[in-house]
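Spelled out from the first residue to the last, the chains are:
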Amino acid sequence: MNTTFKKNQQQKTNMKKVLVIGLLVVLIVVAFIISMNTGYIRLSPLEVFETLFGKGTDKQEVILFEFRLPRIVISVLIGMALAVSGCILQTISRNALADPGILGINSGAGLMVVLYITFFPEKNFMSIMFLPFLSFIGAGLAAILIYGLAYKKGEGISPTRLILTGVAVAAGISSAMIVLTLRLTPESYQFVATWLAGSIWGSNWDFVLALLPWVMLLLPYIFLKAQTLNVIYLGDQMANGLGVAVERERRLLLAAAVGLAGASVAVSGGIGFVGLIGPHLAKQLVGARQQFLLPASALTGGLLVIAADTIGRSIFQTEIPTGIVVAVIGAPYFLYLLAREK
Amino acid sequence: MSTSETYEEKIEMEKISRPMVGLYLFIGGIIALILSIMASISLGAADIDFKTVWNSIFHYNEDVTAHQVIQEVRLPRVLGAAVVGSCFAVSGAVMQGMTRNPLADSGLLGLNAGAGFVLALCFAFLPGLSYSFIILFSFLGATIGAGLVFGVGSLTRNGLTPMRLVLAGAAVSSLFIALSEGIAIYFNVSQDLAFWYAGGVSGAKWYHLKIITPIAVVALASAWIISRSITMISLGEEVAVGLGQRTKVVKMVGMMIVLVLAGTAVSVVGGVGFVGLIIPHITRAIVGHDYRWIIPNSMVYGGLLLVLADLAARTLNAPYETPIGALIGVIGVPFFLYIARKGGKEL
């Protein structure tokens, strides 16, 4: 009797969580539509729909299909990728402040991207498809470097030291990026500056194609591993006891997180804080169980970036880079978490 | 920490204070500073020999182009670098001593970013503001930055650990930097603010120097005057009180000095970090824990570091300038990681 009651209760809360996730999907669709309407040239919702179904003018088609749509799709995808990456990092390191941007993983990827762009400035299809691999390597190297530097014999890795090392490595890589690229070509300084500000610079369909396979492969893989993440979060001993090969799973999941961060950096630039805010908001909404937390994080992340990008494009006459908008929201949130954390 | 232990520590520290070494280091530093200033003046787009440099300063002749170049472009720039370097280094030294935080630096704790943010506001809303007011606002910005960082730091449950402060500093900095960039783009003042992101002394002119030098001299001298008290506070609050120090007053004065120094420096050179971290640590390792020697040596070597960094910034990739903040960041970050790892036990 009692157990069936509990089960019902459980089902009810699960239904609630599914509902919340459904609501987030609806919100993303709404944001998507609003974002398609806004920009330098305004299109009414009706015009957008007409154009989508092939009845718009040539000009409207170019605006929508060549400029706006790829950019919006990219913002949703990187938002999802960064937030899920942050969710994994927070779970694995058991550290509420972890985020691929704050930890310096993004900057490693960025250095690779910037170097590559400076050496091979022509943007053809092959080189764009190659970018995410390169930035994955950069992100991975940065992750190894930060892990190694934060590791102390006998103490392991303390959460604060990990973040601190990440912040410092990110600062160092940004400096190195400026110095190096200036030496290569002075023109590339502009690119580095745009990159550092977190502007979604790759906004055509080629970039969408470059990013899509990474998100499409890694997200389902991670969602399948939700239970493993739940167990890892309980602590190494507990996880071992429950029959999870902790070290191996941790490395695989970490690689997946680095891959997601790297791929999104390859097309978006240095957007930080998404991986921090996304999972935190999601946790407030659906709780800590990864089966719900991961998809909810992905959705909040996507919503956040699409909103930031729309705000950056619409509220002010001049376009403000997305990364700046996210940082203005994200940095105070980080401070709030820092003050609250034990 | 019991009192007797700290007294023993104090005796220990007296032992490892090395005044003679400090004196030699100071004299050596002054000589090195003068030489590097001369070298920096003579090297550049057109190399000018030492004799002309000497003449241009002591026997100025309007008709010689080289003299004009030196007087109008190179001299203010080099002197500006020296003054600014001293300011950053001493502000770092005072902060480290007073907060007993090995990771204290005006860049790391959000002072520079705060000043930069207020400067962005000035350029956007009060264009054509006179330079003395810009310094005042820069000082105000540094105060806001420091206030926020220490405020958030003290809100944290386990209090103000050095690492937490640096994390708060990083977040406050990224907030202010994002806001300033937004303002710069929106109000189209990026050009005026470009110096700030990258950091550089290329904009230093005589009229800047005329205003910042007296401020810097007064602040540096005051730092040296309270250096004995800073030494005692650096040994621990109880020790300082036990030795008859009015720690509250000293801390207030010290914080004012730090803010004035950082604000002034940022108004000239922009957000250059790590000088206040690197220099005091190195001088402390050499001269021991007596701030009467740490402060003057930090002053000299901070100036030296910035003069050399500026020389490198001009020559590495001539005719383009490498941002000096990025250059020092490349050295500063490994140094920071090293200090953070050690946990600053020697402080």
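Computed from a predicted model, the values in this text were never measured in an experiment.

**Looking at the overall build of chain B**
A tally of helices and strands in chain B yields 15 helices and zero strands. Relative to the globule expectation of 20 Å for 347 residues, the C-alpha radius of gyration of chain B, 20 Å, shows essentially globular dimensions. Along the first, second and third principal axes, the C-alpha set of chain B runs to 70 × 50 × 35 Å. Across the 347 residues that make up chain B, the buried fraction comes to 54%. Considering only intrachain contacts with a sequence separation of at least 6, the fraction spanning at least 24 residues in chain B is 80%.

**A look at the interface of chain A and chain B**
The interface is formed by 31 residues belonging to chain A together with 32 residues belonging to chain B. Those elements that place two or more of their residues in the side of chain A that touches chain B are α6 (159–184) and α14 (322–340) of chain A. In terms of residue count, α6(A) provides more of the side of chain A that touches chain B than any other element does, 15 residues in total. By residue class, the composition of the side of chain A that touches chain B is 23 nonpolar, five polar and three charged.

**So, α14(A)**
Residues and elements named next belong to chain A. An ideal rise of 1.5 Å per residue puts 27 Å on 19 residues; α14 measures up with 27 Å between its terminal C-alpha atoms. Residue Val328 marks the point of greatest curvature in α14, where the axis turns by about 30°; the proline Pro332 follows within four residues. Looking at α14, one finds that the buried residues are Thr322, Gly323, Ile324, Val325, Val326, Ala327, Val328, Gly330, Ala331, Phe334, Leu335 and Leu338.

**Thoughts on helix α12 (residues 274–286) of chain A**
All names here are of chain A. The end-to-end C-alpha distance of α12 is 18 Å, a good match for the 18 Å that 13 residues give at a rise of 1.5 Å each. Within α12, 10 of the 13 residues are buried, leaving the element largely enclosed by the surrounding structure. Every buried residue of α12 is accounted for by Val274, Gly275, Leu276, Ile277, Gly278, Pro279, His280, Leu281, Ala282 and Val286.

**Here's the deal with the packing of helix α4 (residues 105–119) of chain A against helix α5 (residues 125–150) of chain A**
All names here are of chain A. Packing of α4 against α5 brings their axes to within 7 Å, and their N-to-C directions diverge by 135°. If you check the angle between α4 and α5, you find them oblique. Along this stretch, α4 crosses α5, giving a crossing that reads as right-handed. Between α4, through Ile105, Ser107, Gly108, Ala109, Leu111, Met112, Val113 and Tyr116, and α5, the contact on the second element is made entirely by Leu131, Leu134, Ser135, Ile137, Gly138, Ala139, Leu141, Ala142 and Ala143. Each residue belonging to the contact of α4 with α5 can be placed in one class, and the counts come to 13 nonpolar, four polar and no charged.

**A few points about the UniProt feature "transmembrane region" (unreviewed entry) in chain A**
All names here are of chain A. Within the UniProt annotation, "transmembrane region" (unreviewed entry) is assigned to residues 20–41, 72–89, 101–119, 125–150, 162–185, 205–224, 252–278 and 320–339. Summarising residues 101–119: 79% helix, 0% strand, and an end-to-end C-alpha distance of 25 Å. For residues 252–278, the helix share is 81%, the strand share is 0%, and the end-to-end C-alpha distance is 22 Å.

**Topic: unusual backbone geometry**
One non-glycine residue with positive phi stands out, namely Phe273(A), at about 70°. Following the sequence through the fold, Phe273(A) ends up in the loop between α11 (246–268) and α12. Note on Phe273(A): 29 C-beta atoms within 10 Å, which makes it buried. Backbone geometry at Arg100(B) places phi at a positive 50°, although glycine is not the residue there. Residue classification places Arg100(B) among the partly exposed positions, given that 17 C-beta atoms sit within 10 Å.

About the cut-offs
- Residues numbered from 1 in each chain as written.
- Chains lettered and ligands numbered in written order.
- Predicted model: local features only at pLDDT ≥ 70, side-chain atom pairs only at ≥ 80, totals over all residues.
- Helix = DSSP H or I, 4+ residues; strand = E, 2+ residues; numbered from the N terminus.
- Rg over C-alpha atoms; globule rule 2.2 N^0.38 Å.
- Buried ≥ 20, exposed ≤ 12 C-beta atoms within 10 Å, placed from the backbone.
- Contact = placed C-beta atoms within 7 Å.
- Nonpolar A, V, L, I, M, F, W, Y, C, P; charged D, E, K, R; others polar.
- Expected span 1.5 Å × (residues − 1).
- Bend = angle between axes of the 7 residues up to and from the residue.
- Axes fitted to C-alpha atoms, helices over the stretch in contact; angles between N-to-C directions.
- Parallel < 35°, antiparallel > 145°, perpendicular 65-115°, else oblique.
- Left-handed = near helix turned anticlockwise from the far one by under 90°.
- UniProt positions renumbered as here; feature names shortened; annotations may be inferred.

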